[in-house]
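# A look at the structure
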Amino acid sequence: MYERFWQQAGDKSTIVIPGWQSMSYFSDAGSLCWFLEPDFAEEIIRLHKIVGNAVTEDRHIVVGTGSTQLYQAVLYALSPQDAVEPLSVVSAAPYYSSYPLITDCLKSGLYKWAGDARSFNKEGPFIELVTSPNNPDGYARQSVVNKSGGILVHDLAYYWPQYTPIISAANHDIMLFTVSKSTGHAGMRIGWALVKDEEVAKKMVKFVELNTIGVSKDSQLRAAKVLQVVISSCQYPTSLGSLFDFSAHLMEERWSLLRAAVRQSGLFTLPEFSPGSCSFLNRSFAPQPAFAWLKCQELMEDCEGFLRSNNILTRSGKHFGVSPQYVRISMLDRDENFYIFVERLSTIHLRHSIQVDERGE
């Protein structure tokens, strides 16, 4: 979805890295996160200040190979090394489908996935993951476990003005962000964490050191240039506006088309969102998430299978801890693919009626 903006940006986002540059493991040997490129750290702070979506003062920045590695680093940093049993990790369903897989992939003795936060009642310490806006359903989230002993981790990958109104600057102990959702550069594999506690940040850095001996400098330098262009587009908008103007307009258009297709089909429902006042875009609008959380009518128990039979690929709700009557669909594909998707969705009721009639005959 973001390609058109970056195509127009042209050489503004281009960098040249000589063969002799960035050869060392170290970026700043005296820094807590010694593999964090200073230019990238500077652009992260500038971007958050301009957008107003997160507090950066008195925070340590830890860079990772996407927010996936940072999530693993957080689990490592927060888990006691001498605990009798693994630390429970929970999130309210529907939760990000990769959380259980990443948490349990190594069968660590430090932590384990403990499911839906709403039904969690085990005694002892735990980690609660709060994704806001939530992936997959797009709603703003707060912690739901009503007991002491918990440590909160806020995954704010989608807390950007193209997806949701920026109500205030997020101010949490551990906040995760990623380039892929803010600028569209998923292939860069770069994320960052804003961490309040120095010891937690040090342990996260240690995990990344043990896991990959740092993070690609080439990716960080490219990310720094990309964030520079994003910031410049906010200060000196192009004909497309800032990156956030461009993408917010596209998301609004796409959600309007999707809701019209759902109404025309008559077989599905979508979440409804209340509008909020965005301090960055200076207007009020309802959230327009990066994913559509679609529910099939009661007669369809396998929504993913039904849509696949109509040449639409989705991800079943069962991966997100809920009923397979739900599916998640990306709203961020290229224009031509998105238009094919909404056209197919809008005409499913016709094909469905024909199939029912044929079975009746």
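Located above this text is the structure these notes cover.
To keep things clear, this report deals only with the structure shown in the data block. The residue numbers shown here count from 1 along each chain, following its written sequence. Given that this is a predicted model, residues contribute local features only at a pLDDT of at least 70 and side-chain atom pairs are listed and counted only at 80 or more, while totals for whole chains, interfaces and linings are drawn from all residues. Excluded from the side-chain calculation are hydrogens and water; included are all heavy atoms of the structure.

Counted as salt bridges are all cases of a side-chain nitrogen of Lys or Arg within 4 Å of a carboxyl oxygen of Asp or Glu. With the rule as written, the count across this model stands at nine salt bridges. For Glu 3, the salt bridge is made with Arg 334, and the minimal N-O distance between the two is 2.9 Å. Linking Glu 3 in helix α1 (residues 3–9) with Arg 334 in the loop between β13 (326–330) and α10 (335–346), this pair joins segments that are 331 residues apart in sequence. In this structure, Glu 199 and Lys 202 form a salt bridge, with 3.7 Å as the shortest nitrogen-oxygen distance. Here Lys 202 and Glu 199 lie together in helix α6 (residues 198–212), a separation of three residues that amounts to about one turn. Here the term buried applies to any residue with accessible area under 20% of the maximum for its type, exposed to any over 50%, and partly exposed to those in between, with areas from a 1.4 Å probe on protein chains only. Taking relative accessible area as the criterion, Glu 199 reaches 46% and is therefore assigned partly exposed. A single salt-bridge network, built from bridges that share partners, covers Glu 198, Glu 199 and Lys 202. In this text, helices come from DSSP runs of H or I with a minimum length of four residues, and strands from runs of E with a minimum of two, each type numbered from the N-terminal end.

Here we come to the pairing of strand β11 (residues 291–296). Counting buried positions over the six residues of β11 gives five, a clear majority of the element. Bridging between strand β8 (residues 268–269) and β11 involves two bridges; their strand directions are antiparallel. Among the inter-strand pairings, Thr 269 is bridged to a residue of β11, identified as Lys 295. Taken together, the five bridges between β11 and β13 define a ladder with antiparallel strand orientation. Residue pairing for β13: Ala 292 is matched across the bridge by Ile 329. Here the rule is simple: two strands pair whenever DSSP picks up at least two bridges between them.

Turning our attention to the pairing of strand β6 (residues 174–178). For β6, the tally of buried residues reaches five of five residues, placing the bulk of the element in the interior. Strand direction decides the pairing type here: β6 and strand β7 (residues 191–195), joined by five bridges, are antiparallel. Opposite Thr 178, over in β7, you have Gly 191 as the bridge partner.

The pairing test for Phe, Tyr and Trp rings, Trp by its six-membered ring, is centres within 6.5 Å, and the orientation test on the planes gives stacked under 30 degrees, edge-to-face over 60, and tilted for anything in between. Per the stated rule, a full pass over the model turns up 23 aromatic pairs. Both rings, one in Tyr 158 and one in Tyr 163, keep their centres 5.7 Å apart while their planes meet at 70°; by these two values the pair is edge-to-face. As far as burial versus exposure is concerned, Tyr 158 and Tyr 163 are alike and both buried. A ring pair is formed by Phe 177 and Trp 192, whose centres lie 5.8 Å apart and whose planes are at 15°; its orientation type is stacked.

This next bit is on the side chain of His 154. Position of His 154 relative to the elements: it lies in strand β5 (residues 150–155). Classification of His 154 by relative accessible area gives buried; the value is 8%. When neighbours within four sequence positions are excluded, His 154 is seen to be in contact with Val 130, His 172, Ile 174, Met 175 and Leu 176. The contact rule is simple, with two residues in contact once any of their heavy atoms fall within 4.5 Å.

So, on to the packing of helix α2 (residues 38–51) against helix α7 (residues 217–235). Think of two packed helices as two axes; the pair is described by the angle between the axes and how far apart they sit. Helix axes use the C-alpha atoms of the stretch in contact, all axes being lines fitted to C-alpha atoms, and the angles between their N-to-C directions lie in the range 0 to 180 degrees. Where α2 meets α7, the axes come as close as 9 Å, and the angle between the chain directions of the two elements is 30°. One element, α2, and the other, α7, form an angle in the roughly parallel class. Taken as a pair, α2 and α7 cross one another with a handedness that is left-handed. Note on element contacts: α7 touches α2 through Gln 220, Ala 223, Ala 224, Leu 227, Gln 228, Val 230, Ile 231, Cys 234 and Gln 235, opposite Asp 39, Phe 40, Glu 43, Ile 44, Arg 46, Leu 47 and Ile 50. The scheme is simple: roughly parallel for angles under 35 degrees, roughly antiparallel for over 145, roughly perpendicular for 65 to 115, oblique for anything else. Helix crossings get a hand from a simple test, with the near helix turned counterclockwise from the far one by less than a right angle marking a left-handed crossing and a clockwise turn marking a right-handed one.

A few words on α7. The α-helix winds at 3.6 residues per turn, so residues separated by three or four positions along the chain end up facing the same way. To estimate how far a helix should reach, multiply one less than its number of residues by 1.5 Å. Along its 19 residues, α7 runs 27 Å from first to last C-alpha, staying within 8% of the 27 Å computed at 1.5 Å per residue. The complete set of buried residues in α7 reads Lys 217, Ser 219, Gln 220, Leu 221, Ala 223, Ala 224, Val 226, Leu 227, Val 229, Val 230, Ile 231 and Ser 233. Buried residues belonging to α7 abut α1, α2, β1 (60–64), α5 (179–183) and α8 (243–265). We define a polar contact as two N or O atoms separated by no more than 3.5 Å, with the added condition that, inside protein, one atom must be a possible hydrogen donor and the other a possible acceptor, whereas residues neighbouring each other in sequence contribute only through side-chain atom pairs. Capping of α7 at its N-terminal end is provided by Ser 216; its side-chain oxygen lies 3.3 Å from the backbone amide nitrogen of Asp 218.

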